[in-house]
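Examination of the molecular architecture
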Amino acid sequence: MKQMIIVGGGAAGMMTAIHAAENYKVVLLEKNDKLGKKLFITGKGRCNLTNACDSETFLRNVMSNPKFLYSAIDAYSPQAVMESFESWGLKLKVERGNRVFPASDHSSDVIRTLEQEMKRRGVEVRLSAHVTAVSPVYGSAMKNIDDASDPQNRITGWKVRLSGGSTLQADVVVLATGGISYPGTGASGEGVEFLKSLDLAVRPFQPSLVPFRSDIRLCKPMMGLSLKNVEASVYRLSKPKKPVFKEFGEMLFTHFGVSGPLILSASGLLQKYFTPEGSPKEALELRIDWKPALSAEQLDQRILRDFENAKNKTANHAVEGLLPRLAIPVVLTVARIPAEKRVHDITQEDRRRLVETLKAFQLPVEGLRGFDEAIISAGGLSVKEVDPRTMEVKRFPGLRVTGEMLDLDALTGGFNLQIAWCTARLAAQ
């Protein structure tokens, strides 16, 4: 039986091992002392393991190179992934937005299910096994591991060097070391360094699905304020007439800027406007419409009604029905309306500025937060280097790459783990 070594014991690595055990003698190497460390914190510890959507919807939610995944999603659809987990004994549930979670709400149950299935299929797991190098074996026999002068110049296998100096050999090596988001889980990008040593094209990793840094003078006073049913737009100040991002949903103010589903989606969809370090390549501005259901004229009429019922009150009390408490002093300051100004003294011009502020609350996008807060790393091995039917590197037979190491990433909702599962399924063939 042929041998396969899998480097990385996260979602993609474990799924590869499970399916590969049908045809290979599999050894999985994980540098941590336990498997699935990043999987454990996914979905705030609940593990949104896929999305119960059709293939077309899945591909629409993939931000980078969705066409590359045609074969993968056909081979292992979200429904097939769900069937696999349920057949392995994990009960699932589907929540809002077709997000799929373990019924227990514990990500540890997902990891335990994968571990048990690997054990049942005879996968050898080695923990605290830190791989330092991966290299091809040339020649007509694998024993000639250091002879690259074979006239056939043919790759016959692969060797994997461990930190202690020992080496392992296999017919196939699958790299599943992930990206560099959440470095506390051990993510360090060493797998990509292996790829670079083989002169393969790699797009630098950058944080994605990550909060924005913005003006703390405006954001910090509203720290912890969650907004629902607002519209967020991002504009290039060099071309301010048309937004490069515009969506409706939820967001959150923090001590450093803004976060929440709307902002995370924006960071993923606007990757090309940021450097790998997360700095904007040009001036960007976030505009928040606090009342998207109302036109400017309708909002002005709403404010007039509120003011009519609060003629003798101060401005900060008159807008209590319009804005959350934490937002009132900030919005009034931006609108240049003194908080203690009496309603009967508020002018039409004051009201116009208040409406403008509420319909387009402006915040500079100063950059992205770091990898320690990024849900995923965008970037990785160029998909042009990889056969989409097998996840094998075209120029290096027997070397396969899965999951976040590939230049593939998607929006939140279980789509990124689905990428891990379906690329792993092909790599296991």
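Our structure is the block above this text.
A brief structural summary. Position numbers for residues count from 1 along each chain, tracking the sequence in the order it is written. In keeping with the predicted nature of the model, local features appear solely for residues at pLDDT of at least 70, side-chain atom pairs appear and are counted solely at 80 or more, and the whole-chain, interface and lining totals rest on all residues. For the side-chain quantities, the full set of heavy atoms in the structure was used; hydrogens and water were omitted.

1. Some words on the packing of aromatic side chains
Stated precisely, the cut-off is as follows: Aromatic rings from Phe, Tyr and Trp, taking only the six-membered ring of Trp, are treated as a pair when their centres fall within 6.5 Å; an angle between ring planes under 30 degrees marks them as stacked, one over 60 as edge-to-face, and anything in between as tilted. To qualify as a helix, a DSSP run of H or I must reach at least 4 residues; to qualify as a strand, a run of E must reach at least 2; elements of each kind are numbered from the N terminus. Two conditions define a charge located above a ring, namely a distance within 6 Å from the ring centre to NZ of Lys or CZ of Arg, and an angle within 35 degrees of the ring normal.
As enumerated under the stated definition, the model contains seven aromatic pairs in all. Ring centres of Phe212 and Phe274 lie 6.1 Å apart, and the angle between their planes is 35 degrees; on these two criteria the pair is classed as tilted. A residue pair is termed long-range when its members are at least 10 positions apart, and Phe212 in strand β12 (residues 212-213) and Phe274 in the loop between α9 (261-269) and β16 (284-289) qualify at 62 residues. Linked through ring pairs, Phe85, Trp88 and Trp421 together constitute an aromatic cluster. Directly above the aromatic system of Phe101 lies the positively charged group of Arg46, at a separation of 3.9 Å from the ring centroid. When the ring centre of Tyr235 is taken as origin, the NZ or CZ atom of Arg287, which lies over that ring, is 3.8 Å away.

2. Details of the environment of Ala72
Here is the rule we go by: Throughout, a contact is declared for two residues whenever any of their heavy atoms are within 4.5 Å.
By the element assignment, Ala72 lies in helix α4 (residues 70-75). The sequence separation of Ala72 and Ala17 amounts to 55 residues, and the corresponding C-alpha distance is 16 Å. With residues near it in sequence (within four places) discarded, Ala72 still touches Cys422, Thr423 and Leu426.

3. Looking at the pattern of salt bridges
Close approach of charged atoms lets side chains of opposite charge pair. Defined as follows: Salt bridges are counted wherever a side-chain nitrogen of Lys or Arg sits within 4 Å of a carboxyl oxygen of Asp or Glu. Only protein chains enter the calculation, and the probe is 1.4 Å; a residue is then buried if its accessible area is under 20% of its type maximum, exposed if over 50%, and partly exposed in between.
The tally for this structure, following the rule as stated, stands at 32 salt bridges. Arg46 is the partner of Glu95 in a salt bridge, and the nearest nitrogen-oxygen pair spans 2.5 Å. Of this pair, Glu95 sits in strand β4 (residues 92-95) while Arg46 sits in the loop between α2 (37-41) and β3 (50-51), and the two are 49 residues apart along the sequence. Residue class for Glu95 comes out partly exposed when judged on its relative accessible area of 29%. Put simply, Glu282 and Arg236 hold a salt bridge, and the shortest N to O gap is 3.0 Å. One end of the pair, Glu282, is in the loop between α9 and β16; the other, Arg236, is in strand β13 (residues 226-236), and 46 residues separate them in sequence. The class for Glu282 is partly exposed, based on a relative accessible area of 24%. What you see here is one network of salt bridges that share partners, running through Lys341, Glu349, Asp350, Arg352, Arg353 and Glu356.

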